[in-house]
Amino acid sequence: MEKTKIVIANWKMCPVSIEGAKELFSAVQRTCSPKISAEVVVAPPFVYLTELVRLARSFGRGKNLRLGAQDCFWEQAGAYTGEVSPEILKTLGATHVLIGHSERRRYLKETDEMAQKKLAAALRIGIIPILCVGEDKSVRRKGLASAKQFVKKQLLTALRSVSQSGTRHELLVAYEPVWAISSVSGGKSDTPEEAVAMILWIKQLLGAHPFRLATRVLYGGSVNMKNAAGFMELEAIDGALVGDASLRAQEFCVIVKIASSFS
Ligand code: PGA
């Protein structure tokens, strides 16, 4: 199993200007020196991708820093107003894409079936999907066993159409309990111990999957510079998906360094 930790910055709908995006990205770039052994992926709003890819290329170092998108559509081109395909993302230089984030499930009513189509489309074109799964509070209240069943359905539905080809696909899964995401919890994360219980469950399900998938499973939900070490020190947790704290350059860089020290 891969030991390198991966830290993904989910900028969501921020910052509100390209200048702000460039400034934040430059700070991350400066941190991602060759000394940093963790992998870092920054997922800005779509419209900043071109400029940030250009910045990344002109900087010329830090193979460990890549760019991703926060969503994609399931067709590669065509009459789909407002959508962005994995093919477009690849052309722009993105290497990763978030799929099924809970905020899209909540505000845009995205379903597991949509996640399934998006995931298959991303894999087909060679973009690494970061599939987001996680139960909300009403499910969690019923206990860990119910939460596990809920996550199992999200995961297995999304994976259903992954083709059984000879290619070894890479896939990241982010376990993000909805109740621990900072915009919902006010910054209160899950505990590393409970997160591990679910992550091991996800790994067990992935291990039983018949297809050839190289997978890593991350934790997301109010990760910050104070609690990051508690998650990163655990072998079962392959990295972190960071929202709010990724918008504070210094704090995000501390998280990257922590992840690196456990890589
Ligand atoms: P958070 O967001 O770190 O602000 O909780 C994580 C996410 O929603 O991906």
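Our structure is the block above this text.
Rules behind the numbers
- Residues numbered from 1 in each chain as written.
- Predicted model: local features only at pLDDT ≥ 70, side-chain atom pairs only at ≥ 80, totals over all residues.
- Heavy atoms only, no water.
- Helix = DSSP H or I, 4+ residues; strand = E, 2+ residues; numbered from the N terminus.
- Rg over C-alpha atoms; globule rule 2.2 N^0.38 Å.
- Buried < 20%, exposed > 50% of the residue type's maximum accessible area, 1.4 Å probe, protein only.
- Contact = heavy atoms within 4.5 Å.
- Areas by Shrake-Rupley, 256 points an atom, 1.4 Å probe, with all protein chains shown as cover.
- Pairing = 2+ DSSP bridges.
- Axes fitted to C-alpha atoms, helices over the stretch in contact; angles between N-to-C directions.
- Expected span 1.5 Å × (residues − 1).
- Near = heavy atom within 4 Å.
- Polar contact = N/O pair within 3.5 Å; in protein donor to acceptor, adjacent residues only side chain to side chain.
- Nonpolar A, V, L, I, M, F, W, Y, C, P; charged D, E, K, R; others polar.
- Salt bridge = Lys/Arg side-chain N within 4 Å of Asp/Glu carboxyl O.
- Left-handed = near helix turned anticlockwise from the far one by under 90°.

1. Looking at the overall build of the chain
On a plain count of helices and strands, the chain comes out with 11 helices and eight strands. Since a compact globule built from 263 residues should have a radius of gyration of about 18 Å, the 17 Å found for the chain is in line with a globular shape. When burial is assessed residue by residue, the chain has 55% of its 263 residues classed as buried. Here the contacts in the chain between residues at least 6 apart in sequence split such that 77% fall between residues at least 24 apart. Just so you have it, the chain exposes about 11,900 Å², and 55% of that area is on carbon and sulfur atoms.

2. Topic: the sheet that holds strand 7 (residues 213-220)
Within the closed barrel, the eight strands sit side by side as 1-2-3-4-5-6-7-8. Their pairing is parallel. For this sheet, the mean angle separating the axes of adjacent strands, direction not counted, is 25°. Bridging between strand 1 (residues 6-10) and strand 2 (residues 39-43) involves five bridges; their strand directions are parallel. Bridge pairing links isoleucine 6 to glutamate 39 in strand 2.

3. Comments concerning helix 9 (residues 192-207)
Between the first and last C-alpha of helix 9 there are 22 Å, a value that for 16 residues agrees with the 22 Å anticipated at 1.5 Å per step. Of the positions making up helix 9, those classed as buried are Pro192, Ala195, Val196, Met198, Ile199, Trp201, Ile202, Lys203, Leu205 and Leu206. Contacts from the buried residues of helix 9 go to strand 5 (128-133), helix 6 (137-140), helix 7 (144-159), strand 6 (169-175), strand 7 and helix 10 (228-232).

4. Focus on the environment of glycine 126
Within the element layout of this structure, glycine 126 appears in the loop between helix 5 (112-125) and strand 5. We classify glycine 126 as partly exposed; its relative accessible area is 48%. Once the C-alpha coordinates of glycine 126 and lysine 109 are considered, the two residues, 17 residues apart in sequence, prove to be 26 Å apart.

5. A closer look at the site of the ligand
Close to the ligand lie 13 residues, the nearest being Lys12, His101, Glu176, Ser182 and Ser222. One of the side-chain nitrogen or oxygen atoms of asparagine 10 is found 3.3 Å away from an oxygen atom of the ligand. In this structure, glycine 243 approaches the ligand through a main-chain N or O atom, which is 2.8 Å from an oxygen atom. Here the ligand has 280 Å² of accessible area as a free molecule, and 99% of this is covered by the chains. Among the residues forming the shell around the ligand, the class breakdown is three nonpolar, six polar and four charged.

6. What to know about the pattern of salt bridges
For the structure shown, the criterion picks out 17 salt bridges. Among the ionic pairs, arginine 104 bridges to aspartate 71, the shortest N-O distance being 3.1 Å. With arginine 104 in helix 4 (residues 102-107) and aspartate 71 in the loop between strand 3 (65-69) and helix 3 (86-92), this pair connects stretches of sequence that are 33 residues apart. Given the relative accessible area of 5%, aspartate 71 is considered buried.

7. A few points about the packing of helix 1 (residues 18-31) against helix 2 (residues 49-59)
Look at helix 1 against helix 2: their axes get within 10 Å of each other, and the N-to-C directions meet at 35°. Read as a crossing pair, helix 1 and helix 2 show a hand that is right-handed. Touching Ile18, Ala21, Lys22, Phe25, Ser26, Gln29 and Arg30 of helix 1 are Glu51, Leu52, Leu55, Ala56 and Phe59, all from helix 2. Split by residue class, the contact of helix 1 with helix 2 holds seven nonpolar, two polar and three charged.

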